[in-house]
Amino acid sequence: MIAIEIVYAEPDRVWRQELQLPAGASVQQALSAMDPGLFPPNLKVLPEFLAVYGRMVRVNEPLHANDRIELLRPLIRDPKDTRRLRAADNPVKKSKR
């Protein structure tokens, strides 16, 4: 048996569940074993938004002892656009030489 953890985070809260699975279990098997009652009711687990320690994974990938499956959320805004908006609000003044 291997210990793994499934986590989901929002800006103000974190949900997590620890599981014991057979050695060689896949991400899909872990998701099937998770208790949806321990996570937000509107949570949709999508295969393209799964990671293990920040590395994107497929549902058929095997897990290792102490892996943490992260249920990711889609981005609200492109990070490049966010930076551009922030830079437009606070322009850097250039010094004259």
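Located above this text is the structure these notes cover.
Definitions and limits used
- Residues numbered from 1 in each chain as written.
- Predicted model: local features only at pLDDT ≥ 70, side-chain atom pairs only at ≥ 80, totals over all residues.
- Heavy atoms only, no water.
- Helix = DSSP H or I, 4+ residues; strand = E, 2+ residues; numbered from the N terminus.
- Buried < 20%, exposed > 50% of the residue type's maximum accessible area, 1.4 Å probe, protein only.
- Contact = heavy atoms within 4.5 Å.
- Polar contact = N/O pair within 3.5 Å; in protein donor to acceptor, adjacent residues only side chain to side chain.

## Some words on the environment of Met56
Reasoning step 1: Within the fold, Met56 resides in strand E4 (residues 55-56).
Reasoning step 2: Judged by relative accessible area, Met56 falls into the partly exposed class, the value being 47%.
Reasoning step 3: Sequence separation of Met56 and Ile69 is 13 residues, and the distance between their C-alpha atoms is 9.7 Å.
Reasoning step 4: Ignoring any residue separated from it by four or fewer positions in sequence, one finds Met56 in contact with Glu48, Phe49, Leu50, Ala51, Glu61 and Leu72.

## With respect to the side chain of Glu70
Reasoning step 1: Within the secondary structure, Glu70 sits in strand E5 (residues 68-71).
Reasoning step 2: Its relative accessible area of 11% is what places Glu70 among the buried residues.
Reasoning step 3: At 2.8 Å, the side chain of Glu70 forms a polar contact with the backbone nitrogen of Gly54.
Reasoning step 4: Side chain to side chain, Glu70 and Arg68 meet in a polar contact 2.5 Å long.
Reasoning step 5: Apart from residues lying up to four places away in sequence, Glu70 is in contact with Val7, Phe49, Leu50, Ala51, Tyr53 and Gly54.

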